[in-house]
Structure formats: structure tokens, C-alpha cells
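Here is what each chain is made of, one letter per residue.
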There are 2 protein chains.
Amino acid sequence: MAGRDDTQTRLDAGEAEDTIGYKLRLAQILAFRGFEQRLTDHGRAPRYLGLLSVIRAHPGKPQSRIAEAVALPRSSFVTILDQLSADGLIERRPSTFDRRVNGIWLTPEGETVVAGLMQEAQRYEAEMTRGMSAEDIACGLRVLQKLIDNLS
Amino acid sequence: MAGRDDTQTRLDAGEAEDTIGYKLRLAQILAFRGFEQRLTDHGRAPRYLGLLSVIRAHPGKPQSRIAEAVALPRSSFVTILDQLSADGLIERRPSTFDRRVNGIWLTPEGETVVAGLMQEAQRYEAEMTRGMSAEDIACGLRVLQKLIDNLS
DNA sequence: GCGATTTTGTTTTACATCGAACAGTTCTGC
DNA sequence: GCAGAACTGTTCGATGTAAAACAAAATCGC
């Protein structure tokens, strides 16, 4: 009778099921895709919202610093900035201190787009965490931060 | 003095910094890449270890069920199975009940490779979570599972 | 039974991402 | 000062991933 019992639930991962690495990846894929697909009419900004939020918090910082913040290789970052720049959301300005670096800035339009998307993100965050206690959410944030620290 | 204060820490994400969505993504990227790069001499298996663990726990299940378990589109899954099959880790066998489906099985070699990599994964898990209490780890697992449930 | 719908695995095509190599600039040690 | 090392942004080639369209097989509604 193999291959027959079609229960409706997702297949578990056996030994890997109780590991942070597995659940972390699965949760992230679902969260990221869900958020992106809910905002298909907003262009490329939703996919790179984290990145844009870093830029907003640190205007004028060099590309490499921002790429490092979101764990992106510098080479990948170039294409992404080209697109966001073509969409009128960000701007590269040559640094006055170091002729190698480009400072990255949000345009006024980028500022409003990011502000609007951050509200969407907060709504999405509420959906993702529905049914969790405030303590659990705080614990989740703490654990994720500790993972990031340990892996950096 | 913009673009000058080069502190050594990672740039924060401003408003997004305290959101699960942002930290979840960053942690997952770091965890996944770190694990993969530590095992460059093990071919493609480390990248697809989660997937292989699902197959091991549910031998003979159709491709679509397994793809769904790890949130992969069926079309992406085909190429991956082709590679894992060429590496001798898995095997497709036509189902006797439904002539559309291929049941997926680990080969004997696949079985030993996955068993070995799962030990590596447990070691990596310990490194990721070093400095965390058992309660925090359990809470992290619970939160991640709840996220997966809410997003499914 | 039988046509319409759904499901499964696949191909095709477009796009996203990464590593390696490169030129221009700055920094370091002396 | 100056040669070598390190850093920044970029290009290029290779690989990974995803959406859409397709054929074969099973299921549903009647």
C-alpha cells in the first residue's frame, strides 16, 4: 500500500524535523514568497525591502557595507542596485572622501515606497505570528538574533 | 562626515530590524551558506540534505508530495532529482498504483551519505545554537513551527 | 460508460544569483 | 616617497531557480 495514504498535511522531514536548520529554511522560504506574491503589483521593491530598509536607516553608506549587512556578495548587489536605480527608488552618489565608493541613498520616491511597504510588512508580520504570545514572539526574535551573531 | 564611521559590526536594518521576517531571512541565508561551504567536498548532497531527509523518512512517495514538503515547485524539483540520481543518491521507480507517478527512494549509498551528513548537521546545529539555553532552543523550534503552520 | 477536469512529471524559457577575474583607488610598511 | 597589499565597484561566465505550456494518466460528474 506504499504511496497511497494521502493525508492532507505536509510530509515531515524525519530526523531533520526537530532541527532549527530545517525549520528555519522552510519558514523563511514560505515567509519570503508569501510576502512577495501578495505584492506582485509593487515591482521589485518587496523582494528587496530588507535591503531598502538598511539603506533608509544608513543613508550614504558604501555599497559594500550595505551588501554585507544583508549577506549579499558585492557582485550580486550591483545588478540589484541597477534595477532599483532604474525604478527610481535609490541613487548612487560618488563619495567625496573616497573616490572608489558610491554612497547609496533613497530617492524621495523611494522613501515613500519603502514607508508604505513597511506598513504592509508589519501587517504580514502580524499574520505570520498570529496565535503566538508576546513572550513567544520576543523569544523568537532573541533566538534569531543569537543565530545571526553565532553565524557572523 | 558621512560614510566615515566604520564600526566593525553589521549595519542594522532600522525599522525592519525588530521584525521576524528580516531576521528570519538573514539567519537562514547565513546558516544555509555556512553549512554548504563547510562541506564543499561532499558534492550536492549538503544543499539538498533537508530534501533527502524527507525522502528517507517517506520512501516511495511521489515527487510532487516531496517537492511540496520542502516548498519547491515541481518544475525545479525535476532538475534536482536528475542530479541526485546521477550522483547515485536517489532512484525513481514508477508506481504500480498510478502510472503518472514516480516513487522516490534513497539508494543504499544515498542512505549512508545522508546518515553521515545528518551527523554533520547535528554538529552544525550545536554551533549555531551555542550559548543558548535549552528552553530558548525549544522556544525557537516552537516559534518556527508555528510560523510554518501559519504560512501553509 | 464517457467527456471534462485535475493531477503528475517534464520541457522550455526567462530570470536571479554567485564566484572569479579586473581596473581604479587607497592604505601599509618601510 | 614608493612598491606591494588591500579594498571598491564592476563585468563576465556558469549555475540555480521559477513560471508557463505540454502530454499522459487518473478522477469526477453525470
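In this text the structure is predicted, and so the values were computed from the model without any measurement.

Colleague: If you had to explain the packing of helix α1 (residues 20-38) of chain A against helix α1 (residues 20-38) of chain B to someone new, which residues and values would you point to?
Modeller: Between α1(A) and α1(B), the shortest axis-to-axis distance is 9 Å and the interhelical angle comes to 135°. Here α1(A) lies oblique to α1(B), going by the angle between them. Regarding α1(A) and α1(B), the two cross each other, and that crossing is left-handed. Between α1(A), through A:L24, A:R25, A:A27, A:Q28, A:A31 and A:F32, and α1(B), the contact on the second element is made entirely by B:L24, B:R25, B:A27, B:Q28, B:A31 and B:F32. Considered class by class, the residues forming the contact of α1(A) with α1(B) number 8 nonpolar, 2 polar and 2 charged.

Colleague: Outline the protein's contact with DNA strand C, listing residues and values.
Modeller: Inspection of the region around DNA strand C gives 21 residues, with A:Y48, B:R33, B:S64, B:R74 and B:R100 positioned closest. In DNA strand C, atoms within 4 Å of the protein come from the sugar-phosphate backbone in 69% of cases. Between DNA strand C and the protein, one listed contact pairs a phosphate oxygen with a side-chain N or O atom of A:Y48 at 2.7 Å. Residue B:N102 places a main-chain N or O atom 3.1 Å away from a phosphate oxygen belonging to DNA strand C. Residues that form the surface near DNA strand C fall into these classes: 5 nonpolar, 8 polar and 8 charged.

Colleague: Quick rundown of the interface of chain A and chain B? Include the residues and the values.
Modeller: Each partner contributes residues to the interface: chain A has 74 residues there, and chain B has 74 residues. Of the roughly 6800 Å² buried between chain A and chain B on both sides combined, carbon and sulfur atoms contribute 62%. Contact with chain B buries surface across chain A, with A:L11, A:R65 and A:L151 losing the most and accounting together for 10% of the total. At the junction of chain A and chain B, the tally comes to 4 salt bridges.

Colleague: Go over the layout of surface pockets with me, naming the residues and quoting the values.
Modeller: If you add up the space inside the largest pocket, you get close to 850 Å³. Along the wall of the largest pocket there are 33 residues; nearest its centre are A:Q28, A:F32, A:R47, B:R25 and B:I29. Elements with a minimum of two residues in the lining of the largest pocket: α1, α2 (49-57) and α5 (108-128) of chain A together with α1 of chain B. Here the lining of the largest pocket takes 10 residues from α1(B), the largest share from any one element. Per-class residue counts for the lining of the largest pocket are 21 nonpolar, 5 polar and 7 charged. Volume-wise, the second largest pocket comes out at about 510 Å³.

The rules we used
- Residues numbered from 1 in each chain as written.
- Chains lettered and ligands numbered in written order.
- Predicted model: local features only at pLDDT ≥ 70, side-chain atom pairs only at ≥ 80, totals over all residues.
- Heavy atoms only, no water.
- Axes fitted to C-alpha atoms, helices over the stretch in contact; angles between N-to-C directions.
- Helix = DSSP H or I, 4+ residues; strand = E, 2+ residues; numbered from the N terminus.
- Parallel < 35°, antiparallel > 145°, perpendicular 65-115°, else oblique.
- Left-handed = near helix turned anticlockwise from the far one by under 90°.
- Contact = heavy atoms within 4.5 Å.
- Nonpolar A, V, L, I, M, F, W, Y, C, P; charged D, E, K, R; others polar.
- Near = heavy atom within 4 Å.
- Polar contact = N/O pair within 3.5 Å; in protein donor to acceptor, adjacent residues only side chain to side chain.
- Buried area = accessible area lost by both parts, 1.4 Å probe.
- Salt bridge = Lys/Arg side-chain N within 4 Å of Asp/Glu carboxyl O.
- 1 Å grid on protein atoms, 1.4 Å probe; cavity = no way out; pocket = protein on both sides within 12 Å on 5 of 7 lines; lining within 4 Å.
- Points joined across faces, edges and corners; volume = space filled by probe spheres on them.

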